[in-house]
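Residues per chain are reported as follows:
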Amino acid sequence: ARARFVADNPASRAAHERAVAHLPGGNTRTTLFYEPFPLTMAHADGCLLTDLDGHTYVDLLGDYTAGLYGHSNPVIRRAVESALDNGWNHGAHGTDEARLAAVLCERVPSMELVRFTNSGTEANLLALATATTHTGRGTVLVFTGAYHGSVLSFGSGAFPLNVPHRFVVAEYNDIADTAAAIDRHADDLAAILVEPMLGSGGCLPADPAFLAYLRARADETGALLVFDEVMTSRMAGGGMQELLGITPDLTTLGKYTGGGMTFGAFGGRADVMAMYDPRRPGHLAHAGTFNNNVLSMAAGYAGLTELFPPSAARELFDRGERLRARLNAVAGGRMTWTGMGSMLTVHFGPGPVTGPRDLRPAPAHRELFHLDMLARGFHLARRGMIALSLAVTDHECDAFTAAVDGFLSELPDR
Ligand code: PMP
């Protein structure tokens with residue numbers, strides 16, 4: 001499979017060889033790298049990606065959820081073009097940031113006030129700074145398998161560098177382990193930071209009882225409960241918190257919410273977020289040259305209001321649920337597709353896979369699966385993640401299910 005990949009992709013290979021001279025490994029976004037070299041894309045439209053060698057792929061990765069609107073969406077394009085017509089780098093307030101904030105606060109149950117950032121990573125760092133400042137405490141509880149940004153990754157067991165908080169890591173979806181961690185640190189607990197579904201950690205939804213437990217313990221200890229909905233906000237108009245009926249104190253957003261432009265947001269309780277109100281004496285500074293950059297503000301507002309009303313969120317959720325059920329049916333226990341709604345990840349072997357403890361080291365055929373799917377014309381994450389965009393229809397879902405079936409029927413039984 002590798003030899004065929006190398007032979008089929010000479011232009012991507014040459015691009016990689018040029019890039020390694022000035023970028024470490026030829027790469028500036030770690031999750032996009034794979035061996036023997038990653039494909040370099042030249043063009044994208046709707047649900048299709050075309051690489052430098054002229055091959056076209058159905059894009060099922062959807063830029064790890066940031067590509068919700070599909071490629072070159074005309075509504076987003078129009079919003080960006082009309083923003084460009086009025087100039088950028090104003091160095092001043094614009095009109096779109098207040099409109100975007102209004103839509104988010106209307107839809108997301110926890111969000112009474114919101115501020116914008118340049119990335120989900122930054123949104124989470126600021127949410128934690130907000131919690132430590134609000135509580136006057138220094139400890140943050142996080143969970144195994146969590147990914148909150150490149151300096152806030154808890155999947156590998158490594159601690160992030162240069163972050164002014166003390167992190168305590170408990171087992172995701174494990175109430176007993178979490179209870180022990182909270183009991184040990186209750187007096188100094190500033191925040192409990194959690195993804196309502198582990199995204200990068202394998203599309204593993206939280207048990208609602210686990211999240212309800214976190215809500216109760218946050219109330220009891222005075223810590224702020226922070227939902228990282230950078231990926232999961234697409235599950236409903238008001239995010240996963242709306243589906244679950246569990247309201248955190250703070251929420252972070254990112255990815256598609258900026259219309260596919262660079263974006264992050266953190267917000268929540270008005271009494272907490274008020275610390276950023278510059279009219280107040282002793283307010284906290286949250287500067288950031290690009291916090292209200294006109295392209296993200298305009299694209300974000302157009303996307304949410306014209307393309308992704310709550311009804312569209314429900315439709316997308318249902319399409320993903322149908323796809324996951326069909327993939328599990330053809331997998332017959334040789335693969336387990338986990339996830340929720342439009343986000344899915346494949347795990348090799350039989351389930352159930354309900355927490356990071358159930359994850360086994362990826363077998364050799366995970367690489368084979370990725371290369372085989374590319375050869376069959378489907379682009380997904382090397383680690384087997386899918387995030388459907390609005391441009392993917394039932395037709396592409398049918399074709400992908402057939403491709404997975406084809407892969408499995410050619411895989412030697414063991
Ligand atoms: N939180 C979650 C749940 C994420 O999946 C990601 C990105 N994959 C981030 C935060 C970080 O966002 P960004 O890449 O925009 O910094």
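Within an unreviewed UniProt entry, the label attached to the protein reads Aspartate aminotransferase family protein, and the organism entered is Actinophytocola glycyrrhizae. Among the UniProt annotations of the protein, the heading Sequence similarities (unreviewed entry) holds the following wording: "Belongs to the class-III pyridoxal-phosphate-dependent aminotransferase family." Checking UniProt for the protein, the heading Cofactor (unreviewed entry) contains the comment "pyridoxal 5'-phosphate".

(A) Quick peek at the overall build of the protein. Helix and strand counts for the protein come out as 13 helices and 16 strands. A compact globule built from 414 residues should have a C-alpha radius of gyration of about 22 Å, and the protein, at 21 Å, falls within 12% of that. Summarising its shape, the C-alpha atoms of the protein cover approximately 65 × 55 × 45 Å along the three principal directions. Looking at the protein as a whole, 47% of its 414 residues qualify as buried. Considering only contacts within the protein whose residues lie at least 6 apart along the sequence, 71% involve residues at least 24 apart.

(B) Focus on the environment of Phe369. Relative to the helices and strands, Phe369 resides in helix H12 (residues 365-375). Setting aside residues no more than four positions away along its own chain, Phe369 makes contact with Gly384 and Phe407.

(C) Examining the site of the ligand more closely. The local shell around the ligand holds 16 residues, among which Ser119, Gly120, Thr121, Gly149 and Val230 are the closest. With 3 residues, helix H5 (residues 120-135) is the single largest residue contributor to the shell around the ligand. For the shell around the ligand, the class distribution of residues is 4 nonpolar, 10 polar and 2 charged.

(D) Here's a closer look at the pairing of strand E5 (residues 139-143). Extensive coverage of E5 is indicated by the burial of 5 of its 5 residues. With burial as the criterion, each face of E5 is covered, one bearing Thr139, Leu141 and Phe143 and the other bearing Val140 and Val142. Bridge count for E5 against strand E6 (residues 166-170) is 5 bridges, and the pairing is parallel. When the sheet's bridge partners are listed, Phe143 is paired in E6 with Ala170. Sheet topology places E5 next to strand E7 (residues 189-194); 3 bridges connect them, and they run parallel. Bridge assignment links Leu141 to a residue of E7, and that residue is Ile192.

(E) Representation of unusual backbone geometry within the structure. For the bond from Glu35 to Pro36, the omega torsion is 0°, close enough to zero to count as cis. Within the secondary structure, Pro36 is located in the loop between helix H2 (10-19) and strand E1 (41-45). Note the cis peptide between Gly351 and Pro352, where omega equals -5°. The residue Pro352 is located in the loop between strand E14 (343-348) and H12 in this model.

(F) A look at the sheet that holds strand E15 (residues 378-379). If you trace the 4 strands from one edge of the open sheet to the other, you get E1-E2-E3-E15, paired in mixed fashion. Strands with a single pairing partner mark the edges of an open sheet, and in this sheet they are E1 and E15.

(G) Expanded view of the packing of helix H11 (residues 310-331) against helix H13 (residues 394-410). It is the contact of H11 with H13, at a shortest axis distance of 10 Å, that shows an interaxial angle of 20°. Classified by the interaxial angle, the pair formed by H11 and H13 is roughly parallel. Considering only the axes of H11 and H13, their crossing is right-handed. Two secondary-structure elements touch here, H11 through Arg319, Leu323, Arg326, Leu327, Val330 and Ala331 and H13 through Asp394, Cys397, Thr401, Val404, Asp405 and Leu408. Across the contact of H11 with H13, the residue classes break down as 7 nonpolar, 1 polar and 4 charged.

(H) Representation of H2 in the model. Among all positions in H2, only Ser12, Ala15 and His16 are buried. Axial view of H2: buried residues confined to an arc of 100°, hence all on one face. Projecting away from the buried face of H2 at angles above 90 degrees are the exposed residues Pro10, Glu17 and Arg18.

(I) Quick peek at the confidence of the model for the protein. For the protein, per-residue confidence averages 95 on the pLDDT scale, and 97% of positions sit at 70 or higher. With pLDDT under 50 throughout, residues 157-162 is counted as low confidence; its partners more than four residues away or in other chains account for 6 contacts. Scored as a complex, the prediction yields pTM 0.96 and ipTM 0.99.

(J) Representation of the nonpolar core. In terms of nonpolar packing, the biggest core is built from 104 residues, with Leu60, Ala191, Ile192, Leu224, Val226 and Ala298 touching the most fellow members. At 8 residues, helix H10 (residues 294-307) tops the list of elements feeding residues into this core.

(K) Representation of the sheet that holds strand E16 (residues 385-387) in the model. Judged by pairing direction, the sheet is antiparallel, and its 3 strands sit side by side in the order E13-E14-E16 without closing on themselves. The two strands at the open ends of the sheet, each matched to only one other strand, are strand E13 (335-340) and E16. Across the sheet, the mean angle from the axis of one strand to that of its neighbour is 20°, orientation sign disregarded. Of the pairings in the sheet, the one linking E13 to E14 comprises 6 bridges and is antiparallel in character. Its bridge partner being in E14, Met340 is matched across the sheet by Met343. The strands touched by H11 are E13 and E14; relative to E13, the strand with the most contacts, the crossing angle is about 170°.

Parameters at a glance
Residues numbered from 1 in each chain as written. Predicted model: local features only at pLDDT ≥ 70, side-chain atom pairs only at ≥ 80, totals over all residues. UniProt positions renumbered as here; feature names shortened; annotations may be inferred. Helix = DSSP H or I, 4+ residues; strand = E, 2+ residues; numbered from the N terminus. Rg over C-alpha atoms; globule rule 2.2 N^0.38 Å. Buried ≥ 20, exposed ≤ 12 C-beta atoms within 10 Å, placed from the backbone. Contact = placed C-beta atoms within 7 Å. Near = placed C-beta within 6 Å. Nonpolar A, V, L, I, M, F, W, Y, C, P; charged D, E, K, R; others polar. Pairing = 2+ DSSP bridges. Axes fitted to C-alpha atoms, helices over the stretch in contact; angles between N-to-C directions. Parallel < 35°, antiparallel > 145°, perpendicular 65-115°, else oblique. Left-handed = near helix turned anticlockwise from the far one by under 90°. Arc of directions from axis to C-beta. pLDDT = per-residue confidence, 0-100. Core = buried A, V, L, I, M, F, W, Y, C linked by C-beta atoms within 7 Å.

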